[in-house]
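What follows is each chain in one-letter form.
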Amino acid sequence: MRKKIIAGNWKMNKLRGEAVELVKELVPLVEGIDAVDIVVCPVYVSLPAVYEIIKDTNIELGAQDCFWEDSGAYTGEISAPMLKDVGVKYVVIGHSERRQYFCETDEWVNKKTKAALKTGLTPIVCVGERLEEREAGKTIDVISGQLEGGFSGFEKAEIEKCVIAYEPVWAIGTGKTATPEQAQEVHSFIRGWLAEKFGKDVSEKIRIQYGGSVKPANAKSLLSQPDIDGALVGGASLKAQDFAEIVKAGL
Ligand code: PGA
């Protein structure tokens, strides 16, 4: 049985004080839940403040990106060891907003994922098709291309430490959720791809999250699909009550 993982991607939201308020509200709402992994991903500058609140709780800290070098002349970037240093355990890599607005490529995703693993962070590697790709019947081609590029040169021992997030771009922040069947179809394809490349044992271990307009009302039906092992939640993670309900839907 794979343990479900519910992660809140706060994106570029909340000032430090607001982030602290949000997580303070969340802590008692999910207290005692250990059958689901719970992660919050605030903006970089709020990581230390949020860590102070959650360090002795069942909530783990995640970041929204990292660079692949440890240090050096890379103005504006943050490395995996710097994240680890402030208490980060998970890092989202290759989110569609980074691919879209910051020109992230599969090659970058590959390097960042390797850097995260080398540092002992758990990467949450995002893949997903755009609306026009889905409408053109290219969903599976797009996903397999992102997987091939993102995990090129990976060993079993590396990939089995990753979490994968399937996030159809047309469902992110739009209120349009993939139906549980649509999501399951892609999740099952991803697991099949993993089995083919790395073996069935590895594919059965890896957790595949769904992301894209997950809310309390649809969480249970998505999370009850056989290959959906968690959720990467944007908008609804900014409300402690909603996020806590989604966490509970994973129990
Ligand atoms: P959403 O975002 O839940 O607001 O659709 C999901 C994500 O981008 O991770």
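Values in this document were obtained by computation on a predicted structure and should not be read as measured data.

> What is the right way to read the sheet that holds strand β3 (residues 59–63) from this model?
The strands that make up a sheet are held in pairs by hydrogen bonds between backbone atoms, and each pair lies either parallel or antiparallel. The eight strands are arranged β1-β2-β3-β4-β5-β6-β7-β8 in a closed barrel whose pairing can be described as parallel. For this sheet, the mean angle separating the axes of adjacent strands, direction not counted, is 25°. Inspection of the sheet shows strand β5 (residues 122–127) paired to strand β6 (residues 163–166) by four bridges, in the parallel sense. The residue bridging V127 from the neighbouring strand is Y166, located in β6.

> Please explain the site of the ligand as it appears in this structure.
K11, H95, E167, G173 and S213 are the nearest of the 13 residues found near the ligand. E167 is positioned such that a nitrogen or oxygen atom in its side chain is 2.6 Å from an oxygen atom of the ligand. Between S213 and the ligand, the recorded distance is 2.7 Å, taken from a backbone N or O atom to an oxygen atom. Protein chains bury 95% of the 280 Å² of accessible surface belonging to the ligand in isolation. When its residues are assigned to classes, the shell around the ligand shows four nonpolar, seven polar and two charged.

> Would you explain the layout of surface pockets in this entry?
Unfilled space is identified by rolling a water-sized probe across the atoms. Considering only enclosed or pocket space, the largest pocket measures out at about 490 Å³ in volume. In terms of lining residues, the largest pocket is bounded by 16 residues, among which K11, M12, Q64, R98 and F102 are the most central. It is helix α4 (residues 96–101) that contributes the most residues to the lining of the largest pocket, three residues altogether. Per-class residue counts for the lining of the largest pocket are seven nonpolar, four polar and five charged. For the second largest pocket, the lining is made up of 14 residues, of which S96, R99, G128, R130 and V169 are closest to its centre. When residues of the lining of the second largest pocket are traced back to their parent elements, those giving at least two are α4, β5 and α7 (139–150). The residue inventory of the lining of the second largest pocket, partitioned by class, reads four nonpolar, six polar and four charged.

Conventions adopted
Residues numbered from 1 in each chain as written. Predicted model: local features only at pLDDT ≥ 70, side-chain atom pairs only at ≥ 80, totals over all residues. Heavy atoms only, no water. Pairing = 2+ DSSP bridges. Helix = DSSP H or I, 4+ residues; strand = E, 2+ residues; numbered from the N terminus. Axes fitted to C-alpha atoms, helices over the stretch in contact; angles between N-to-C directions. Near = heavy atom within 4 Å. Polar contact = N/O pair within 3.5 Å; in protein donor to acceptor, adjacent residues only side chain to side chain. Areas by Shrake-Rupley, 256 points an atom, 1.4 Å probe, with all protein chains shown as cover. Nonpolar A, V, L, I, M, F, W, Y, C, P; charged D, E, K, R; others polar. 1 Å grid on protein atoms, 1.4 Å probe; cavity = no way out; pocket = protein on both sides within 12 Å on 5 of 7 lines; lining within 4 Å. Points joined across faces, edges and corners; volume = space filled by probe spheres on them.

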